[in-house]
Each structure stands twice: as C-alpha cells, then as structure tokens.
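In case you want the letters, here they are:
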Amino acid sequence: RLFQQRVEEAESLAATDSLTGLANRRRAEQLMQRRIDAGQPFSILLFDLDDFKVANDSHGHQIGDYLLQAFAKRLLGQFRAGDVACRWGGDEFLVVLDSLLPDAAGRSREVAERMGGLYAVKTLNGPINIRVSASVGFAHHEPGESWQDLFTKADASLYRRKASQPNRDLRLDDVCTAGLPKA
C-alpha cells in the first residue's frame, strides 16, 4: 500500500508544473493523445502572455513567477471539470477542452477577455498592479491529426491574433498600497 501511494505521488509530481500547480506539458501531450486514441472530439486553447518579458525585466524573475501563478489560478476558474489547464512552458498555457468546435471557438474569445486585466502582485516594496493581456490561439482536433498537428494549428492561430493586436501589452500600473484586487 505504501509503495502504491509513493508511485501515485511520483506520477502526480511528474505530471505537474512545480511553479503553477497546473498540469505540465508532458501531461498535456498525454491528454491530447488519449483523446485522439479514443476518438473523442476536443479542442485546445493556447495562451501567451503578451510582452511578459517586461515584468521580468522591470521587477525580476520572482515577480514574473508570482504573475504566472496568479494567471494560472485565474485560468483554472474559467473552465469546466472535464477541461484541463496546463502550463505549456514559459509564459504559455494550454487548455484541453472537451467540447465541439462552435462551443470551443466562442469560449476562446470569452476566456481571453476574462484573463486580461489587473493582477495584484506583492513585492518587498509593497503590492503592485500589473496589467496583463493574453493572446489566445484556438484549434479543434480533426480526425487523422496528431496532437503535434493540432498544436501547430493553435500556435499559428495565436500568432495571427498577436499580429492583429499590436498594441496589446503587459504594463505596470502605478504602485498601490491598498485595495488591490486579488488575482
């Protein structure tokens, strides 16, 4: 029993992003492959924080890490039980949606809008607000596609959205000391 418990714990750790607590890229790849193998319809959303490098360059990587954690927490609140949010890597997040094409396309726009806005981040010098915008790419799995093909479609969709919205950015608002919204 103890051995089985430790195996389960090790498997969970191997499938979890240590910074955000979301499923990691490895787990996302497994989830997509399982759905393909089972013939289940699904879609993916690929999020990228716009100009995330600004936070790291302005305040250091620790603030960037806090921002990624806050984004992950907000992202989790946007989806249903069967949908799985994952940290793909860096400032990219992937969500595997158990939904058909029209539903998933509409949800991608709604969620992207809700993910943007102010994020409260605590620093040694007091809390600051960081305004975040996120671009999102969307793709629906078609029979015969690999998960890599699907990801490539979502990635292309993401970059088309980024190119069509060049003024979206990640910027720092005035330093605030009270009344910050919780991320």
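Residues numbered from 1 in each chain as written. Predicted model: local features only at pLDDT ≥ 70, side-chain atom pairs only at ≥ 80, totals over all residues. Heavy atoms only, no water.

### So, the overall build of the protein chain
Filter applied, for reference: The helix and strand labels rest on DSSP assignments: H or I over at least four residues marks a helix, E over at least two residues marks a strand, and numbering proceeds from the N terminus. Per-residue accessibility, obtained with a 1.4 Å probe over protein chains only, is compared with the maximum for each type, and a residue is labelled buried under 20%, exposed over 50%, and partly exposed between these values. For this analysis, residues touch if any pair of their heavy atoms sits within 4.5 Å. Surface exposure here means Shrake-Rupley accessible area, sampled with a 1.4 Å probe, where a residue is shielded only by the protein chains that are shown.
What the protein chain contains, in helices and strands, is 6 helices and 7 strands. Helices and strands in the protein chain line up, N terminus first, as α-α-β-α-α-β-β-α-β-β-β-α-β. By residue count, 44% of the 183 residues in the protein chain fall in the buried class. By sequence separation, contacts in the protein chain at least 24 residues apart represent 71% of the contacts at least 6 residues apart. Taken as a whole, the protein chain presents about 9800 Å² of accessible surface, with 51% of it coming from carbon and sulfur.

### Overview of the packing of aromatic side chains
What counts here: Aromatic pairing here means that ring centres of Phe, Tyr or Trp (its six-membered ring) are within 6.5 Å. Orientation follows from the plane angle: under 30 degrees is stacked, over 60 is edge-to-face, and everything else is tilted.
This structure, assessed with the given rule, holds 5 aromatic pairs. On the numbers, 5.0 Å between centres and 45 degrees between planes, the contact of F71 with F93 is tilted. Linking F71 in helix α4 (residues 61-76) with F93 in strand β3 (residues 92-97), this pair joins segments that are 22 residues apart in sequence. Take F71 and F93: they sit in the same class, and that class is buried. Ring geometry for W88 versus F151: centroids 4.6 Å apart, planes at 20 degrees, classification stacked. Highlighted residues: W88 in strand β2 (residues 84-89) and F151 in helix α6 (residues 147-164), separated in sequence by 63 residues. Owing to a relative accessible area of 6%, W88 belongs among the buried residues under this scheme. Take F151: its relative accessible area is 14%, and that puts it in the buried class.

### Quick notes on the nonpolar core
Quick reminder of the rule: Side-chain atoms within 4.5 Å are what join buried Ala, Val, Leu, Ile, Met, Phe, Trp, Tyr and Cys residues into a set we call a nonpolar core.
With 31 residues, the main nonpolar core has F47, F71, L75 and F93 as its most contacted residues. Contributing elements (two or more residues each) for this core: β1 (43-49), α4, β3, α5 (101-115), β4 (117-123), β5 (126-132) and β6 (134-140). For this core, the element with the most residues is α4, which contributes 7 residues. With 18 residues, the next largest nonpolar core counts A23, F42, C86 and W147 among its residues.

### Some remarks on the side chain of E145
Turning to its location among the elements, E145 is positioned in the loop between β6 and α6. E145 has contacts with I36, H140, L150 and K153, leaving out every residue within four places of it along the chain.

### Structural notes on the pairing of β4
This is how the line gets drawn: A pair of strands counts as paired when DSSP detects no fewer than two bridges linking them.
The pairing of β4 with β5 spans 7 bridges and is antiparallel. Looking at β5, one finds that T123 is bridged to G126. Counting the residues in the hairpin turn of β4 and β5 gives 2 residues.

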